[in-house]
Each structure stands twice: as structure tokens, then as C-alpha cells.
Amino acid sequence: MDDGYRNSANLYHGARDIAREANRQSRNQGMDDYRYQDGNYEGYTANDSYYREGDESHQDEDAQSDATEGHDEDDEIYEGEYQGIPHPDDIKAKQKKKSPSRSDDYRDQKDLMAERLEDEEQLAHQYENIIEECGHGRFQWTLFFVLGLALMADGVEVFVVGFVLPSAEKDMCLSSSNKGMLGLIVYLGMMAGAFIWGGLADKLGRKKVLGMSLAINASFASLSSFVQGYGFFLFCRLISGIGIGGSLPIVFAYFSEFLSREKRGEHLSWLCMFWMIGGIYASAMAWTIIPHYGWGFSMGTNYHFHSWRVFVIVCALPCMASMVALKFMPESPRFLLEMGKHDEAWMILKRVHDTNMRAKGAPEKVFTVSHIKTPKQIDEFIEIQSSTGTWYQRWLVRFTTIFKQVWDNALYCVMGPYRMNTLILAVVWFTIALSYYGLIVWFPDMIRHYQDEAYKAKEKIFKHEHLEHVTFNFTLENQVHEHGRFFNDKFYRMKFKNVIFESSFFDECYFEDVVSPGTFFKNCTIESTIFYNTDLYHHKFIGCRFVNVTFMEQKEGCHLDFEEDNDFLIYLVSFLGSLSVLPGNIVSALLMDKIGRIKMIGGSMLISAVCCFFLFFGNSESAMIGWQCLFCGASIAAWNALDVITVELYPTNKRATAFGILNGICKFGAILGNSIFASFVGITKVVPILLASSSLVGGGLIALRLPETREQVLM
């Protein structure tokens, strides 16, 4: 069969028998496929309804046959002539004549799969030689930076919500439960996106699906910066997470298919550095932008665009840049060959070869490959014509077809011959994600906890004070007033910051233009008092008794407190944590192909587990920062090796699907880690530390059962 006419997707099972007959006949006779496009036949013979190039040379001879009988010299009926009623004996003769070929068409599925696997093995070794001939140069480095920006966008997405949450909770008046959901929604979206985009990339192509996922992320991430309501903001971040969820599975599968065996481990590890760069970028931008309140603007009293919203837009820039640059990159030739598109794959490989040779100063060097082995196409793609049914029926058929193909691919990864590797990898991905993502949330929370304890230790307590005719126009902070009496006092244009009034009495007092973050009145009696233009809402009065009290024109919305919420130390912690993985990235890249993937995973996870035990000695902010940097630097090698071995363990038509499944399990571990570890902040350090270390030890030991892949060609 001419490879240029091979289709790129699977056929409905109901039409598979006809497609097989066409493939066999055209392969045996060296002729092209039947094609039906836009309702027109490109070639037709009434015997089997399949176009063949060889028939064109006989058209003139056939025209000389007896037109009234509708037959040519070989007794073949051609289109447009009266054919009459077929005789039953003729029908039986034709069926008998075709029966041997039909029995061959219904060969066992295992035989077809065995033939395809043999073709794939031959292609794998030939493709390795072709990539070595193309060399490693300008083309790979260009693709490296384009895909690196996509991976950078994934790293930014993990950090962005954590940085804007302190400001967003004030801007949108978020409760504790809403804050928790906003923190987890991105991981939920990324988990779903990894499953969806990874599966689609093995059917529709790496470049196409990656571009779609980046477009969705960039659109909804930018839109989230403009919306005012919590519900819509949550929805935008969810869809944004779904979009960026496809980045990690597709980027590694895409880039690995342009690398030779000797370059693959090292350069995939270098690519992992962009995730670190994304964390550094997000930390630096948060530090630079969010504290600058004046960078925003307001439209009336209901629309406010504060500086944290500017930060959200800036965080979408790497995704936008990658999306634009990806337009100039080709599809993976390995994927195209898997789909039977020989000519397209050959042209791309020639482009890779010529680009690298020109950069090396040898433009005269010729690409010597003339033919590339393509695997047998078991399933074929049904082209839905524009005249077939309504538009939604056509889209429904396409959707259900692709969904079934993706679902079958996923089942093959978890239940087929790869099930044991998938199970082991799933455990390793889950355990490292549970400990890593749990701890990177736990570290800042513990630092905040130590800060709160130090702040609380400076609290001032006033008891039984009696104040009359006093005007307060300054800030009261970190104070407790017990059993006090305030008579005819005026609180004007002032700020209560973390002030508690307990069992106190207010009589004929006046509050105007007052803001009160962290301030509460407990069991107080308030008589003949006016509250004008304040944020002292009813929930701040706990068990209080009101007598002749007036609330007038209370402040609307929540109010940002940049001195408290935009803590530079939190940005610094995230920045240092991201920067600390640089040494681990360099070491893993240089040693990945020397010591192997398995030893890298096991060793890195065991060293990280040891680092966790030292957290028992972290009783201060500086100690926690130091142990966080050590843990991140030790664990990054395991992440890099896990990315590499996941790519290498699966064949091309399952690679992105398997990576998406495993990355989705990783995000599920991240959700559990965030929830579990955060619940123990301020209660105990024992449970988070033991849970993290035991998970790392267990995952590292289980990883030793995986096969080593550094000497394997990419299947």
C-alpha cells in the first residue's frame, strides 16, 4: 500500500472487515486506496468498489466492449450501463471465488497485533539510526526552549494561586472553606487535564493537542484576573488548570521523539529545569507586583483591579509565548510514522537534518534516508462527509469515536502487557507527590505559624481600664482589652489590627471610618453608640448586647492589608525553594545516562526521606527554610528520572496516554498531601514528617523493581 494514503486514526469496528479486505487487495496488487472525499469518487470499479491506479490504463479498452450488454472483455460490469438481474448461479460463483480471501481477512486479532509489533520494533531501530543521522543541534535546542516555556507555565500554575490567595481572600471576602477550595481547584483541573490531553495526544498529535491545551490555559488564566465574583474566578482557575494539565505529559513525549538514545536522558533532565524556572518566575513576579497597591485601578465602587490581578496576567505570559512559538514547530515524525503518514514524517526529518547541518556548517550534506518502515495499520479512519447527517450528528460520531479510541488506549496501559509497569509507576508517582506537594505547602504554613507565635508573644493586655472623652485617631494593634469602660469616646479614621475587646462596656461612643482586620468584640455591652462607615460587621460582635445602637453606611467588600498579607518572607521561601533544585537538576542531568534511571529514583527518594527526619530539629523560621531547600534539592533528581523512565517504558501510541494517567495520579497525591499536611500545622510535626518519610522510602524501594531503560531505543 502506498504509505502516503495511509489513514491516521482507527475505524469503527462495524466497518473493519471491509477495510481489511481493501488493505489486502491493494497491498497484493500494489495499488492505492479507495478514497471518498466531498461526495466524489476518485476511482471506481463495480466489482469491489475500490479505486486502483492500474485500472486507468484499461479504461479505453473497456470502452470498446459491447455497451448494450454492459460488460467488458473480462466480464466486469462498469458504471453507467444496464446490468440486468444477476443470475443466482453467478452470485454463488462470485461468493465461492471470494471465500478464500475473506477467510484471510478474518485472521485472529493477535496475528495482526503480532505483525504490527514486529513492524514497530523494526521502525524503532531504524528511527534511532535516522535521528542519529539528523544529529543534535539547532533544531532540538529551538524545540527545547519552546517546550520549556510550556513546562514553565505548568510550574507557574502550581504557585500562582498560593501567592494571590492572601490578597484574593480579602478582595472577594473568602471564607476558610472557600480559601481551601481555591487552593485545591488547580490541582483538580490539572488532574483531569492530564488524563484528557494525554489520551488525545496519542490520537490527534502532540503539537495539535499541546497547542489546544495551552490556548485554554492562557485564555482562562487571563480571564480569571478580570472577574470579580468568587464562583466565576473558581471556574476560570479550574478550566485553566485543565488546560495546563496537558503540558507535562505531552512536552516530554514530544521532545523525547526528537532525541537519540544517548542524548535522551540528559536533555530531558535539562528540560525539567524549566519547571524550576517557572517557580522562580512566579515568586519574583509576586514579590515585585503584588505589594504595589497603586498598580491597579477601580471602576466605580463594584469593580476593582488590584495589583494581584496584574500578577495573574503576568503569570500567563510564558503560556502565551509557548503557544505562539509552537506554531512554527512541526509535528512529531515518530507519531506520524505510527499513524502511517510516511511522507509527512520524512519531510520533517529532512527538515531536522538540514537545519542541524546548516548550523554545523555542512549544508551540502544530504539526507540519505529514502524509505522508513511504517507499522501495519490495523484500524482505519472513517471520513465523515459534510453531506452525511446534521452537523451535531457528525460531531457526535467523531467525539464518540475518539473517546472510545482514547478509552481503549488507557485500558491497554493499565490492563494490557504494561499493567505491572503502570502499577509500579503509579505507586512511585503517588508517593513522591504526596510527600513533595504536602511538604511544600506545609513549609510556608509552619513558617507562618512560627511568625504568629512570635507575634502573639508580643500581645499587650489591658484590664479594667476606664477612658472618657478620648479621641482615638491612631492604630491599635495586637492588644486585648478586658473589662474596660469607654464613655463618650471617639474612634475616628483609625485602624484596629488584631484587637480583642472582651467583657467591655461602650456608652455614647462614636466610630467613623474605621477598619478592623482581626478585631472582635466578645461579650461586650454597647449602648447609645453610632458606627458610621466602618467594617465592624455583625459577625465581629460575639455574644454582645446592643442598646440603641446605629450602624450607618458600612464599608462594602473586603479590604486589603498589604502590610500583613503580602509577607515578603513567604515569597522569599518559595523563591529559595525553587532555586534550591538547581544543583539537583544539574547533577541529575549529568548522571542520568551514567548511573541509570532506577538508581537515580531510588537514591534520590531515600536521601529525601532522610532529610525529612531532620525537620524534627526545625524549630525556627530560618531552620525550616534551610531544611526545605535541602529537601527540594534532594528530591528533584527523582522527579527528573521519573519523567524520563515514564517516557521510555511505553510505545509511541501509548506514551502520552500513560504519562497522562500517571501524572493525573500524581496530582491526586498532591491534593491529598495538601489536605493532610495542612491540617496538622500548629498541632504536631510528627505525623507530617513520618508520613512524608515513609512514603518516600516505600516509593523508592518499589521503584527498584522497574526495568532499566537507558540502553533501550524508543519504541
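Please refer to the structure higher up on the page.
Criteria and thresholds
Residues numbered from 1 in each chain as written. Predicted model: local features only at pLDDT ≥ 70, side-chain atom pairs only at ≥ 80, totals over all residues. Heavy atoms only, no water. Helix = DSSP H or I, 4+ residues; strand = E, 2+ residues; numbered from the N terminus. Buried < 20%, exposed > 50% of the residue type's maximum accessible area, 1.4 Å probe, protein only. Contact = heavy atoms within 4.5 Å. Areas by Shrake-Rupley, 256 points an atom, 1.4 Å probe, with all protein chains shown as cover. Salt bridge = Lys/Arg side-chain N within 4 Å of Asp/Glu carboxyl O. 1 Å grid on protein atoms, 1.4 Å probe; cavity = no way out; pocket = protein on both sides within 12 Å on 5 of 7 lines; lining within 4 Å. Points joined across faces, edges and corners; volume = space filled by probe spheres on them. Nonpolar A, V, L, I, M, F, W, Y, C, P; charged D, E, K, R; others polar.

1. With respect to the overall build of the protein
Point 1. Within the protein one finds 23 helices and 18 strands.
Point 2. Here the protein holds 715 residues, and 52% of them are scored as buried.
Point 3. Looking at the protein alone, contacts between residues at least 24 apart form 67% of all its contacts between residues at least 6 apart.
Point 4. When the accessible surface of the protein is summed, it comes to about 32,300 Å², and 59% of that surface belongs to carbon and sulfur atoms.

2. Some remarks on the pattern of salt bridges
Point 1. Tallying each qualifying case throughout the model produces 13 salt bridges.
Point 2. Residue Glu-157 pairs with Arg-237 through a salt bridge whose shortest N-O separation is 2.9 Å. Of the two residues, Glu-157 is situated in helix H5 (residues 138-171) and Arg-237 in helix H8 (residues 230-244); the sequence distance between them amounts to 80 residues. Residues Glu-157 and Arg-237 agree in their burial class; the two are buried.
Point 3. Notably, a salt bridge pairs Glu-527 with Arg-545, separated by 3.6 Å at the nearest N-O pair. Placement of the pair is Glu-527 in strand S14 (residues 525-527) and Arg-545 in strand S17 (residues 545-547), with a sequence separation of 18 residues.
Point 4. Salt bridges linked by common partners bring Asp-202, Arg-206, Glu-257 and Arg-655 together as one network.

3. Topic: empty space enclosed by the protein
Point 1. All chains considered together, the criterion is met by 4 cavities of 30 Å³ or more.
Point 2. What the largest cavity holds in volume is close to 210 Å³.
Point 3. Around the largest cavity, the lining comprises 16 residues; the ones closest to its centre are Leu-248, Trp-275, Tyr-437, Trp-639 and Asp-643.
Point 4. For the lining of the largest cavity, the secondary structure elements donating two or more residues are H5, helix H9 (247-256), helix H10 (261-289), helix H16 (419-457), helix H21 (621-648) and helix H22 (652-678).
Point 5. When residues in the lining of the largest cavity are grouped by element, the largest group, 4 residues, is from H21.
Point 6. A class-by-class count of the residues in the lining of the largest cavity yields 11 nonpolar, 2 polar and 3 charged.
Point 7. In this model, the second largest cavity occupies a volume close to 50 Å³.
Point 8. Around the second largest cavity, the lining residues are Ala-153, Val-156, Glu-157, Val-160, Asn-217, Ala-221, Arg-237, Val-312, Cys-315, Ala-316 and Cys-319.
Point 9. Split by residue class, the lining of the second largest cavity holds 8 nonpolar, 1 polar and 2 charged.

Read these as layout, nothing more, since geometry by itself doesn't imply function.
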